[in-house]
Protein chains: 2
Amino acid sequence: MDKNKRTEISSLGEFKLIDRICAPFQSEQKSTVKEAGDDAAVIDAGDRYILLSNDLMLEGVNFDLTYFPLQHLGYKAVVVGISDILAMNGTPRQILIALGISSRFSVEMIDLFYEGVRAACQDYHVDLVGGDTSASVNGLTLSITATGDVEKDKIVYRSGANTNDLVCLSGDLGAAYMGIHLLEREKRACNGQPNPHPKFEGYEYILRRQLKPEARMDIIEHLAQNGIVPTSMIDISDGLASEALHLCKASDKGMRIYLNRLPIAKQTYAMAEELHSDPVVAALNGGDDYELLFTVPLSKQAEISAMGIDIIGHITAPDTGAKLITPDGQEIALRAQGWK
Amino acid sequence: MDKNKRTEISSLGEFKLIDRICAPFQSEQKSTVKEAGDDAAVIDAGDRYILLSNDLMLEGVNFDLTYFPLQHLGYKAVVVGISDILAMNGTPRQILIALGISSRFSVEMIDLFYEGVRAACQDYHVDLVGGDTSASVNGLTLSITATGDVEKDKIVYRSGANTNDLVCLSGDLGAAYMGIHLLEREKRACNGQPNPHPKFEGYEYILRRQLKPEARMDIIEHLAQNGIVPTSMIDISDGLASEALHLCKASDKGMRIYLNRLPIAKQTYAMAEELHSDPVVAALNGGDDYELLFTVPLSKQAEISAMGIDIIGHITAPDTGAKLITPDGQEIALRAQGWK
């Protein structure tokens, strides 16, 4: 290797970087079922699989404490971890959180963070089983490890979608992204003011989607009650487009998503209009939605609809690619974003 | 709670902060065996326990890339994770590493890091099963999740030490700490020089202990071959003093450690002399040793000695506290450091 060569990560992009990192590893352990590349790692525990995910949340990148209350951050940290377990059709069980803390933080601030962690652990019935802390030079660093388990015949990977399967989506998209744009606007407007009065009226929903996201455990439970095991699944943390592409790539399939079926909330439209931005871009590339994107056989259409879950498209042969279909029949290729 | 109250974390210290964080959590999941407070969390997997640890390593706090080669950092990240599993008498199985990367890092640099990760995974027969990456504002952030397993009757906690048990220690102490002082000295000496020639001759051992630590899987294997299950165990990542105190607190016991039995390497003494510092302080509070501190019944004395493991003291009643005994019979109370 040329020691002086420098390839910018931006020229590769997040997803190719992850492929590159994971490629050279060969499994040595019998208990390793699924290696890197899904929402969670899968470990054989005899009668069932144990699921494991690991997420980093960094101040200044993933959250801004100017407007993100610490309790909500603690809650969200748990949700982020749990969402990965749900995306494998698993039941979340335990959570470990390691904190890097700079001297800016007081004991009371850490207490507030853990109030949120505790509330989320209660809501989702998971146990906090690890609480490491270390000093940090700059700001707050969160590392979240989530565990869960699933019966072996119920596990769902990104890779199981079949041609003609229905593409299903819980909840709506783009609201969290519009929420953060509103928060950023009000942060700028209030900057330096002695008595700041941020204007949030009428936008409670998009703020809640950003500041207090929920993990869709209810969806996993409803699917199980209806005897439905999705053929593939992924959680939407980076926006619909990149997650849909992950699913297509892992399943070696194409996908058609219909633009007029994308669930977008009223407040998301209203905020987008106010900010002269495109709500569809928010839905496709916004991120932080923590909804579930999954596929089921065509025969499950009535049951899925009865559950109030949106069917936004269907799976196609691999050579057709992943496409967004506009109301007038135009086909637009989906593009991943990820960070650069 | 008084919203304006601010208690500095430094006034509480790392270990009381962790106690405070972990205290209010009640376990809800049947599979949660051991909650926060040991080297790893313990999850019931039917016929055995699964072990889980989570560590953060932050640039500028835990490593300095001026002198820490990226391959070595990748290797050390795996060692740090594995060491927690070994401290529970477990066999390491899988590792997940999440990276926060700033724009300073190129693809080639990340490749070097993963060369080290790969080498360590091969040496310790663990599988890398997760490879998340995210953008970071400042420097490199590593989150390491390690898994392992252990037969239920072989698990070792911090809490099982009995009065009169022997206190045993693998390897030697303080070398990694002296290694980092040497590296820092040469960094200052070479700062701004066009052709820096750091002086490392004669200090290869202490440099290796800092830059390429090993996890003591060999000790766990030897103990198993000799049919020895320690009564308590912990890995030494923060220095002997704080780990000994953790062990005493968890076991509700006291400890006597004999100063003249502390294993300290020649180069550690030599470097300490050069720097006018105390090698015993390095051994007690230096950190980064990744050795194992454990207790066994008195009856195992001959076998432990035959394995070449140092016996540095013994367990006493709780009311005697944790003491360091000098050659002239003085008793010095052990004090924890941790970060503040």
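Below or above, wherever it landed, is the structure these notes cover.

Conventions used here
Residues numbered from 1 in each chain as written. Chains lettered and ligands numbered in written order. Predicted model: local features only at pLDDT ≥ 70, side-chain atom pairs only at ≥ 80, totals over all residues. Heavy atoms only, no water. Helix = DSSP H or I, 4+ residues; strand = E, 2+ residues; numbered from the N terminus. Rg over C-alpha atoms; globule rule 2.2 N^0.38 Å. Buried < 20%, exposed > 50% of the residue type's maximum accessible area, 1.4 Å probe, protein only. Salt bridge = Lys/Arg side-chain N within 4 Å of Asp/Glu carboxyl O. Least-squares fit on C-alpha atoms with pLDDT ≥ 70 in both. Contact = heavy atoms within 4.5 Å. Polar contact = N/O pair within 3.5 Å; in protein donor to acceptor, adjacent residues only side chain to side chain. Nonpolar A, V, L, I, M, F, W, Y, C, P; charged D, E, K, R; others polar. Axes fitted to C-alpha atoms, helices over the stretch in contact; angles between N-to-C directions. Parallel < 35°, antiparallel > 145°, perpendicular 65-115°, else oblique.

### A closer look at the overall build of chain A
Scanning chain A from terminus to terminus reveals eleven helices and 14 strands. A compact globule built from 340 residues should have a C-alpha radius of gyration of about 20 Å, and chain A, at 20 Å, falls within 12% of that. Counting only C-alpha atoms, chain A reaches 60 × 55 × 50 Å along its principal axes. For chain A, the residues scored as buried account for 57% of the 340 residues in total.

### So, the pattern of salt bridges
All names here are of chain A. All chains considered together, the criterion is met by 38 salt bridges over all chains. Taking the shortest distance from any N to any O, the salt bridge between D149 and R93 comes out at 3.0 Å. Taken as a pair, D149 in strand β7 (residues 141-151) and R93 in strand β4 (residues 91-101) lie far apart in primary sequence, 56 residues in all. Residue classification places D149 among the buried positions, given a relative accessible area of 8%. Residue R93 is classed as partly exposed on the basis of its relative accessible area, which comes to 23%. As a salt-bridge pair, E331 and R256 come within 2.7 Å of each other at their nearest N and O atoms. Taken together, the residues E331 in strand β14 (residues 331-333) and R256 in strand β10 (residues 254-258) connect sequence positions 75 residues apart. For R256, a relative accessible area of 23% puts it in the partly exposed group. One network of salt bridges, with partners in common, ties together D47, R48, R93 and D149.

### Digging into the relation of the copies chain B and chain A
Overlay of chain B on chain A (RMSD 0.0 Å): rotation 180°, translation along the axis 0.0 Å. With respect to symmetry, the two chain copies, as superposed, fit the operation of a two-fold axis. Here 99% of the contact residues of chain B are again contact residues in chain A; the copies associate through an equivalent surface.

### Let's talk about the environment of L262(B)
Residue and element names in this part refer to chain B. By secondary structure assignment, the location of L262 is in the loop between β10 (254-258) and α9 (266-274). When its relative accessible area of 6% is taken as the criterion, L262 is described as buried. As for L262 and I312, which are separated by 50 residues in sequence, their C-alpha atoms are 6.2 Å apart. In this structure, L262 is in contact with L240, I257, V280, A283, L284, I312 and L324, ignoring residues within four places of it in sequence.

### Section: the interface of chain B and chain A
The partner chain A presents 82 residues to the 82 residues of chain B that form the contact. Scanning the region where chain B abuts chain A turns up zero salt bridges. In this structure, the connection of chain B to chain A is made through 34 residue pairs in polar contact (both at pLDDT 80 or more). By residue number, the principal contributor to the side of chain B that touches chain A is helix α4 (residues 107-124) of chain B, which donates eleven residues. The residue inventory of the side of chain B that touches chain A, partitioned by class, reads 37 nonpolar, 26 polar and 19 charged.

### Side note on the packing of helix α6 (residues 204-211) of chain B against α9(B)
All names here are of chain B. Between α6 and α9, the shortest axis-to-axis distance is 8 Å and the interhelical angle comes to 100°. Taken together, α6 and α9 sit at an angle that is classed as roughly perpendicular. Of the residues in α9, those in contact with E204, Y205 and I206 of α6 are Q267, T268 and M271. Looking at side-chain class alone, the contact of α6 with α9 contains three nonpolar, two polar and one charged residues.

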